[in-house]
Amino acid sequence: PKGKPLRTPKVTDIVVTPVAVLDPPLLNASGVHQPYQLRAVIELHTDTGITGLGEAYGDDPTLANLRAAAPALVGLSVFDLNGLATRVAEALGAVDAVGMTDLIGAASREKSVAQTVGALEVACYDAQGKATGLRVCDLLGGAVREAVPFSAYLFYRWAHHPEGAAPEGYPADDWGAALDPEGIVAQARRMVDTYGFRSLKLKGGVFEPEAEAEAIEALRAAFPDHPLRLDPNANWSVETSKRIAPRLEGLLEYLEDPTGGNPGMAEVARATSLPLATNMCVTSFAEIPEAAALDSVKIVLTDHHYWGGFRASMRLAGICETFGWGLSMHSNTHLGISLAAMTHLAAAVPGLTYACDTHSPWQREEVVRPGALVWSEGSLAVPQQPGLGVELDRDALERLHKQYLDCGVRSRDDRVGMVLADPAWERRTPRF
Ligand code: GKR
Ligand code: MG
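Below is a short write-up of the structure. (Residues numbered from 1 in each chain as written. Chains lettered and ligands numbered in written order. Predicted model: local features only at pLDDT ≥ 70, side-chain atom pairs only at ≥ 80, totals over all residues. Heavy atoms only, no water.)

1. What about the side chain of Asp173?
Then, in step 1: With respect to the helices, strands and loops of the structure, Asp173 is situated in the loop between strand E7 (152-155) and helix H5 (181-195).
Then, in step 2: Only 2.8 Å separates the side chain of Asp173 from the side chain of Arg157, close enough to count as a polar contact.
Then, in step 3: Within the structure, Asp173 has its side chain in polar contact with the backbone nitrogen of Trp175 (distance 3.3 Å).
Then, in step 4: Not counting chain neighbours up to four residues away, the residues in contact with Asp173 comprise Pro24, Arg157, Ala159 and Arg364. (Helix = DSSP H or I, 4+ residues; strand = E, 2+ residues; numbered from the N terminus. Polar contact = N/O pair within 3.5 Å; in protein donor to acceptor, adjacent residues only side chain to side chain. Contact = heavy atoms within 4.5 Å.)

2. Points about the sheet that holds strand E5 (residues 51-57)
Then, in step 1: Strands sit in the order E1-E4-E5 across an open sheet of 3 strands; the sheet is antiparallel. Looking at which strands have only one partner, the edges of the open sheet turn out to be strand E1 (11-22) and E5. Ignoring which end each strand starts from, the neighbouring axes of this sheet average 20 degrees apart.
Then, in step 2: Relative to strand E4 (residues 36-46), E1 runs antiparallel, the two sharing 11 bridges. Among the inter-strand pairings, Thr17 is bridged to a residue of E4, identified as Val41.
Then, in step 3: Against the sheet, helix H3 (residues 109-132) contacts E1, E4 and E5, and its axis sits at roughly 155 degrees relative to E5. (Pairing = 2+ DSSP bridges. Axes fitted to C-alpha atoms, helices over the stretch in contact; angles between N-to-C directions.)

3. Structural notes on the coordination of the magnesium ion (ligand 2)
For a metal with four donors in a tetrahedral arrangement, the ideal angle between donors is 109.5 degrees, while six donors in an octahedron ideally sit at 90 or 180 degrees.
Then, in step 1: Here the magnesium ion (ligand 2) is held by the protein donor atoms Asp231 (OD), Glu256 (OE) and Asn279 (OD1), which lie 1.9 to 2.2 Å from it.
Then, in step 2: Along the chain, the residues donating to the magnesium ion (ligand 2) are arranged with the sequence spacing D-x24-E-x22-N. Of this pair, Asp231 sits in strand E9 (residues 228-231) while Glu256 is found in strand E10 (residues 254-256), placing the two residues 25 residues apart along the sequence.
Then, in step 3: Taking relative accessible area as the criterion, Asp231 reaches 0% and is therefore assigned buried.
Then, in step 4: In this structure Glu256 comes out as buried when scored by relative accessible area, which is 0%. (Donors = N, O, S within 2.8 Å, 3.2 Å for Na, K, Ca; no water. Buried < 20%, exposed > 50% of the residue type's maximum accessible area, 1.4 Å probe, protein only.)

4. Comments concerning the side chain of His33
Then, in step 1: Its location among the elements puts His33 in the loop between strand E3 (31-32) and E4.
Then, in step 2: With sequence-adjacent residues up to four places away left out, His33 is seen in contact with Asp23, Pro24, Pro25, Leu26, Asn28, Phe155, His161, Thr333, His359, Arg412 and Asp414.

5. Here's the deal with the site of ligand 1
Then, in step 1: Around ligand 1 sit 17 residues in total, of which Asn28, His33, Tyr153, Asn332 and His359 are the nearest.
Then, in step 2: In the environment of ligand 1, an oxygen atom lies 2.8 Å from a nitrogen or oxygen atom belonging to the side chain of Asn28.
Then, in step 3: Between ligand 1 and Asp231, the relevant distance is 3.0 Å, taken from an oxygen atom to a side-chain nitrogen or oxygen of the residue.
Then, in step 4: Relative to its free-state accessible area of 350 Å², ligand 1 is covered by the protein chains to the extent of 100%.
Then, in step 5: Contributions of two or more residues to the shell around ligand 1 are made by E7 and strand E8 (200-203). (Near = heavy atom within 4 Å. Areas by Shrake-Rupley, 256 points an atom, 1.4 Å probe, with all protein chains shown as cover.)

6. Comments concerning the environment of Arg39
Then, in step 1: One can find Arg39 in strand E4.
Then, in step 2: By relative accessible area, Arg39 is classed as buried at 1%.
Then, in step 3: With 280 residues separating them in the primary sequence, Arg39 and Ile319 have C-alpha atoms 30 Å apart.
Then, in step 4: Contacts of Arg39, omitting those with residues within four sequence positions, involve Thr17, Pro18, Val19, Glu55, Ala56, Tyr57, Gly58, His305, Thr333, His334, Leu335 and Ser338.
Then, in step 5: Engagement of the side chain of Arg39 in a polar contact is seen with the backbone oxygen of Thr333, the distance being 3.1 Å.

7. Some thoughts on the pattern of salt bridges
Then, in step 1: Evaluation of the coordinates by the stated rule reveals 25 salt bridges.
Then, in step 2: Taking the shortest distance from any N to any O, the salt bridge between Arg39 and Glu55 comes out at 2.7 Å. With Arg39 in strand E4 and Glu55 in strand E5, the pair connects residues that are 16 residues apart, well separated along the chain.
Then, in step 3: Given the relative accessible area of 3%, Glu55 is considered buried.
Then, in step 4: Across the pair Glu253 and Arg229 runs a salt bridge whose closest N-O atoms are separated by 2.7 Å. On the criterion of sequence distance, the pair formed by Glu253 in the loop between helix H7 (238-248) and E10 and Arg229 in strand E9 is long-range, its members being 24 residues apart.
Then, in step 5: Taking the relative accessible area as the measure of exposure, Arg229 reaches 0% and is therefore buried. (Salt bridge = Lys/Arg side-chain N within 4 Å of Asp/Glu carboxyl O.)

Structure, rendered in structure tokens:
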């Protein structure tokens, strides 16, 4: 009835279910993707019967942090996000710094707390939306765009996982290998034809930088009007970056993390007119002052999974605006709950003007029911249902959890497959 105050849902229980999903052998600076990627599905139950959904990494340290924080949230209103942050920080106390991958900067205690807050905050927002009938993007201040553009995430890759990496009968996908410019152009063609992507991002740091520059030139010839990006994941030295960057000028909308650390990035920035972007040297608020002082980057990639959630990403957006930096969005292998979260966030941040990254085209398994996230012209329309607008597929959750139990993978380690393929392989930072 009119005037009746909203009964704010309070947390009664949080269930964290790890799942494993099939993943192809995508190559990067750290090695090669394992046959299974791990994710955690979060169900935040409340005393009104509403359940909020969230998704996080599914490696052991992330699960441990989520499970350590969960009991401290019982009784918390899903609208009390400051309370959420305080309770998680207290519950995690002297938590160790954990990093899922060395491709998103150094691990720190601050980031471990931020990752845990971020995962649980998404579930709180989903519950808020379900309680109020509003979409998450509306709770975040309103959609400034109803269609969110994403980029095609191109990877050098093998057709199959190396022998010994995957169990017998493991189903390969039908993308085949992509190990040279022709392979990358063919991959891009399929992505563009299937999804309608505009921006094309090549994951680099795998082969000699000259070979990767050739792939970018081949993409430019095949797609004269598509914005291009290259991301060597800091696998180039400063000298190599300074040698290669001029060749890429006029070809890229941005060069992402050619080299590691703000001082090195600043030196490269002084040597090229290319704007430098990062999800490696600015990955927490603590790293911003150095980047600003050194003028190391022009674009920062946000990611609600490790920046600390939607509100932290919006704070980052404000800081980027202050410094005149652009904002883009980083991705790791993810499922539909995270894709919905990324879409709502990108819809609600005016300054997020670059197409967001997504690993979606590489994903063959899903935990949400189909229909909520539909690709059109490289974009996703923001789901219309309250909250995140996605529904959990319980059968899929059960199946993917069983796959988790059976597969034996408990943390991300891209070295494993690489060493199986080449026992002499070593991670070197930078390699080139
Ligand atoms: O999935 O291999 C991958 C990516 O390399 C990922 O781990 C990175 O964190 O996408 C990321 C990036 O932009 O650096
Ligand atoms: Mg990157």
